[in-house]
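Report on the structure
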Amino acid sequence: KKTDPPEWYENEIRIFEIMDSYDPPPDSAVLFTGSSTIRRWYNLAEDMYPQIVINRGFGGSVMKELIQNIDRIVFPYNPSTIFVYEGDNDITRGTKPSAFLEECKVFISQCQQSLPGTEIIFLSIKPSPSRMRHWKQMDRANRMLKDLCMIHENVIFIDISTPMFKKPGILKNDIYAEDGVHLNDKGYSLLRHVIMENVIKLSN
C-alpha cells in the first residue's frame, strides 16, 4: 500500500512551526484558531490590541483536523484564552451537528487536561450567502454548542451569527467577500465589535 499523501494542510502547519522557531510567541497570549474565517483575519493583531494575539487559523479546516494538530498549534503556546472558529466547513461537508458536537467535546477535554485554567471561547458558526442551504443545520449546531459551553467551566460561547442578519432570514449583504463565504473588512470589523462587546461583559 502506498503511503498516504501528507495532509493537505501540513505545509501551513509547518510554516507556523518554522515561524515559531525563529520568533517564539510569548506565553499566555490570546490564541485564535480554526478555519479560514480566522486565517483570513489579516488585521487580527491590530483589531485585538492591546491584547497580544497569535493567529493559527488554517484554511478549509474542520474540527477534527484542529484536534489532530492540537499539540502543534495550540498547546505549545500555553495561551491564556483560545478563540475557536470551526463548524462552517464541517456542516457544509455533511457532518451532522451531533457529530460536530462530539468533536467539540474532545477539543474541550484535551485542552482542559493539557491547559488547565485556559479559557476557551467558541465563536458560533456564521451564516454566509453561499451556504444558506446549510444554515438550518448550522443553526442547530450553534444551539447545541451553546448548551455544551454552559455546562463547562471556563468555556464560553459567543453568538457572532445573529448580528450578521439584517432581519430573520435576510443577511447583511455588505459584510461578505465576493465568494459569498468569507468576510470582507466590514465583516471583520463587525466580528471584532461583537467579540469586544462580549469580552468586556466577561471581564466585568
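What comes next is a walk through the structure. (Residues numbered from 1 in each chain as written. Predicted model: local features only at pLDDT ≥ 70, side-chain atom pairs only at ≥ 80, totals over all residues. Heavy atoms only, no water.)

A look at the sheet that holds strand S1 (residues 30-34)
Strand-to-strand pairing in sheets goes through backbone hydrogen bonds, with the strands running parallel or antiparallel. Taken in spatial order, the five strands make up an open sheet running S2-S1-S3-S4-S5, and their pairing is parallel. The open sheet has two edge strands, strand S2 (53-57) and strand S5 (155-158), and neither has a second partner. The average undirected angle you get between the axes of adjacent strands in this sheet is 20°. Across the face of the sheet, helix H7 (residues 97-114) comes into contact with strand S3 (81-85), strand S4 (119-123) and S5 while running at roughly 160° to S4. (Pairing = 2+ DSSP bridges. Helix = DSSP H or I, 4+ residues; strand = E, 2+ residues; numbered from the N terminus. Axes fitted to C-alpha atoms, helices over the stretch in contact; angles between N-to-C directions. Contact = heavy atoms within 4.5 Å.)

Focus on the state of the cysteines
Considering all chains together, one arrives at zero disulfides under this definition. Of all cysteine sulfurs in the structure, the one in Cys149 sits closest to Cys104, which takes part in no disulfide; the separation is 7.7 Å. Note on Cys104: relative accessible area 0%, which makes it buried. Cys111 takes part in no disulfide bond, and the closest cysteine sulfur, belonging to Cys104, lies 11 Å away. The buried category is assigned to Cys111, whose relative accessible area is 1%. (Disulfide = S-S within 2.5 Å. Buried < 20%, exposed > 50% of the residue type's maximum accessible area, 1.4 Å probe, protein only.)

Overview of the environment of Asp185
You can see Asp185 is positioned in helix H9 (residues 185-203). We classify Asp185 as exposed; its relative accessible area is 62%. With 143 residues separating them in the primary sequence, Asp185 and Tyr42 have C-alpha atoms 9.4 Å apart.

Here's the deal with unusual backbone geometry
A negative phi holds for most residues other than glycine; trans holds for most peptide bonds. The peptide bond linking Tyr49 to Pro50 adopts the cis configuration, its omega dihedral lying at 5°. Structurally, Pro50 is set in the loop between helix H3 (44-47) and S2. Non-glycine residue Ser28 carries a positive phi angle of around 65°. Summarising the element assignment, Ser28 is placed in the loop between helix H1 (10-22) and S1. Positive phi outside glycine occurs at Asn78, with the angle close to 45°.

Remarks on the nonpolar core
One broad rule of soluble globular proteins: the nonpolar side chains tend to lie buried together. By size, the foremost hydrophobic cluster in this structure holds 62 residues, and its most contacted members are Phe32, Met63, Val74, Phe107, Phe122 and Leu145. Setting aside chain neighbours within four positions, we find Phe122 in contact with Met63, Val84, Cys104, Phe107, Ile108, Leu145, Cys149, Val155, Ile156, Phe157 and Ile158. (Core = buried A, V, L, I, M, F, W, Y, C linked by side-chain atoms within 4.5 Å.)

Observations concerning the pairing of S4
Counted residue by residue, S4 has four buried out of five residues, so it is predominantly covered. Relative to S4, S3 is paired through four bridges, and the arrangement is parallel. Directly across from Phe83, in S4, lies its bridge partner Ile121. One ladder, built from four bridges, connects S4 with S5; its direction is parallel. Considered in S5, the bridge of Ile121 is made with Ile156. With respect to chirality, the unit in which S4 leads through helix H8 (residues 135-150) into the neighbouring parallel S5 is right-handed. (Right-handed = clockwise from strand over helix to strand, strands pointing away.)

Side note on the pattern of salt bridges
Once their charged atoms are close, side chains differing in charge can pair, the charge on each being opposite to the other. Under the criterion given, the structure shown has ten salt bridges. Across the pair Glu10 and Arg14 runs a salt bridge whose closest N-O atoms are separated by 3.0 Å. Highlighted residues: Glu10 and Arg14, both in helix H1, separated by four residues, approximately one helical turn. Exposure remark for Glu10: the relative accessible area of 13% places this residue in the buried category. Overall, the relative accessible area of 45% leaves Arg14 in the partly exposed class. Taking the shortest distance from any N to any O, the salt bridge between Asp139 and Arg143 comes out at 2.7 Å. Linking Asp139 with Arg143, this pair stays in helix H8, spanning four residues, or about one helical turn. Of the residues examined, Asp139 reaches a relative accessible area of 26% and is grouped as partly exposed. For Arg143, a relative accessible area of 49% gives the class partly exposed. In the salt-bridge network here, residues are joined through shared partners; they are Glu10, Arg14, Glu17 and Arg72. (Salt bridge = Lys/Arg side-chain N within 4 Å of Asp/Glu carboxyl O.)

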